Amino acid sequence: MSQRYDIIIIGGGPGGIAAAVKAKEAGKSYVILEKGRRVLQGIIDSYPKGKKVYPTIPRNEEKPFPIPGITPPKEKIPVEAYVDQVEEFLKNDAIEIQLDEEYMDLEEEGPRSYRIKTRKGFFYGRNVIFAFGSNVPNDLGIYGEAKTVRRNLETPEEYINVSTLVIGGGNAAADVVAALSKVKREAGDHTPVYWGHIKERFEINKDTARDLGEEILLGGQIRILQGAIPKIGEVDSEGIDRLYIHQSPGLYGRDDVFMYQGMSFPMKNVIACIGTHGPSAIFNNLHLQQITCTGDICKIAREGEQLLLLSSSLQTSRRGIYAIGGSISPSHMEILPDGTIKEKKHSNLIYTAIIDGIMAVEGILNSEEQAKLK
Ligand SMILES: Cc1cc2nc3c(=O)[nH]c(=O)nc-3n(C[C@H](O)[C@H](O)[C@H](O)COP(=O)(O)OP(=O)(O)OC[C@H]3O[C@@H](n4cnc5c(N)ncnc54)[C@H](O)[C@@H]3O)c2cc1C
């Protein structure tokens, strides 16, 4: 029989880690499921290299950071050093985290009994905390699968002597193209970096454009593919997952005959920087109640946006399921003690995520106490 955890935590960011620390302190069994290869993968993926981490506390909060091991130091260290600090803390405090475990689905097996499906298997628990942050990668929208496409540039050296395709028309894609090109150029590698965007126009800021221009002038092998549309994910005769893209059609001879130019890349050589979207769709799939914003009730969220409905201890409309941190920022709907519902501002900060993690576990402990008294 598989282990049944008191608390399953989805996401190994600051919020998920704080929940695990609190669960351990309270003697509860827990597991953190993190889809990345390292703890804080969300931060590793979204912060630019060397970015200083700010220990920001929102203005209306008086409490200091509650867990020193995951508090960004006052002297603002680079993100790489912060990740090292947190890893060291987890090791010393024996906080367990299961890496490379991506949440896929949740099923209710009975009252307060959940089965979590990950890409690799199943986990069973009495309570679930969604701590997967705000960044759900956008889908490539192709026919077929594209699971092995990368989403960021972890080790540029891996791509030396490999023709690589970067997809996306914004700053994130441009940064990856420039960084890749630089590493290849410095290694004397002439294989190109293809940069494909579904539209004709790229939208990047001046600083990024300057870096990219400099890279091209220095001899970077960058090939721009405008109007490049990812079409199919397929497996070739050698069993390699490939992504086929084609460019907008040109006319061939007559008006009604189109000529397409296509290219196919091994998926592992494709980096898709095509943005992220909020977790609203995931919450919808789980039938967690969300409120659609209208001008009268929302000041922070835009008209038509869906905000998750939460109790003051961050429990969703389904018992035993909680949501915290970036996944409920920049605002959510809170049920007030008098039963009314109000939009609540929720800063997307490390501090807030940590406080949330603790609050959610306290909520679980309280509801267990109440259940015992009944
Ligand atoms: C560029 C940038 C700079 C920032 N700088 C600062 C700063 O200086 N100071 C500050 O306080 N805040 C900063 N923030 C905000 C801060 O990083 C977030 O508020 C904080 O990381 C939220 O923590 P979290 O645990 O909720 O989510 P995250 O840190 O996003 O962690 C979520 C984790 O869940 C994992 N995950 C996602 N989906 C799944 C899945 N399906 N299955 C399993 N795991 C999954 C992710 O890989 C990730 O590791 C910055 C944000 C950005 C984007």
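Parameters at a glance
Residues numbered from 1 in each chain as written. Predicted model: local features only at pLDDT ≥ 70, side-chain atom pairs only at ≥ 80, totals over all residues. Helix = DSSP H or I, 4+ residues; strand = E, 2+ residues; numbered from the N terminus. Near = placed C-beta within 6 Å. Nonpolar A, V, L, I, M, F, W, Y, C, P; charged D, E, K, R; others polar. Domains from an automatic or database assignment. Axes fitted to C-alpha atoms, helices over the stretch in contact; angles between N-to-C directions. Left-handed = near helix turned anticlockwise from the far one by under 90°. Contact = placed C-beta atoms within 7 Å. Pairing = 2+ DSSP bridges. Buried ≥ 20, exposed ≤ 12 C-beta atoms within 10 Å, placed from the backbone.

Section: unusual backbone geometry
A cis geometry characterises the amide bond from S329 onward to P330, with omega recorded as 5°. Summarising the element assignment, P330 is placed in the loop between β17 (321-323) and β18 (331-335). The phi dihedral of D100 falls on the positive side, at around 60°, and the residue is not glycine. With respect to the helices, strands and loops of the structure, D100 is situated in the loop between α3 (79-92) and β3 (103-110). Of note, H287 is a non-glycine position whose phi angle comes to about 55°, a positive value. When you line up the elements, H287 lands in the loop between α6 (280-285) and β15 (290-292).

Some remarks on the site of the ligand
The local shell around the ligand holds 33 residues, among which G11, G13, G42, G133 and G325 are the closest. The biggest single contributor to the shell around the ligand is helix α2 (residues 41-46), with four residues. Here the shell around the ligand is built from residues that sort into 15 nonpolar, 15 polar and three charged.

Re the domain arrangement of the chain
Under the domain assignment used here, the chain contains domain 1 (4-136 + 278-373) and domain 2 (156-272). Distance between the C-alpha centres of domain 1 and domain 2: 35 Å.

Examining the packing of helix α1 (residues 14-25) against helix α7 (residues 350-373)
Closest axis-to-axis distance for the α1/α7 pair is 7 Å, and the angle between their directions is 35°. Between α1 and α7 the crossing geometry is right-handed. Residue-level inspection shows P14, G15, G16, A18, A19, K22 and A23 of α1 in contact with α7, the latter providing I350, A353, I354, D356, G357, I358, A360 and V361. Residues belonging to the contact of α1 with α7 are distributed by class as follows: ten nonpolar, three polar and two charged.

Some remarks on the sheet that holds strand β13 (residues 270-272)
Pairing in this open sheet of four strands is parallel, and the strands run β9-β8-β7-β13 from one edge to the other. What marks the edges here is a single partner per strand, and that holds for β9 (222-226) and β13. Sheet twist, expressed as the average angle between the axes of neighbouring strands with direction ignored, equals 20°. Sheet analysis places strand β7 (residues 164-167) next to β13, joined by three bridges and oriented parallel. Its bridge partner being in β13, V166 is matched across the sheet by I271.

Regarding the pairing of β7
The alternating pattern of β7 places T164 and V166 and L165 and I167 on opposite faces, both of which are buried. In terms of strand pairing, β7 meets strand β8 (residues 193-197) through four bridges, oriented parallel. When the sheet's bridge partners are listed, I167 is paired in β8 with G196.

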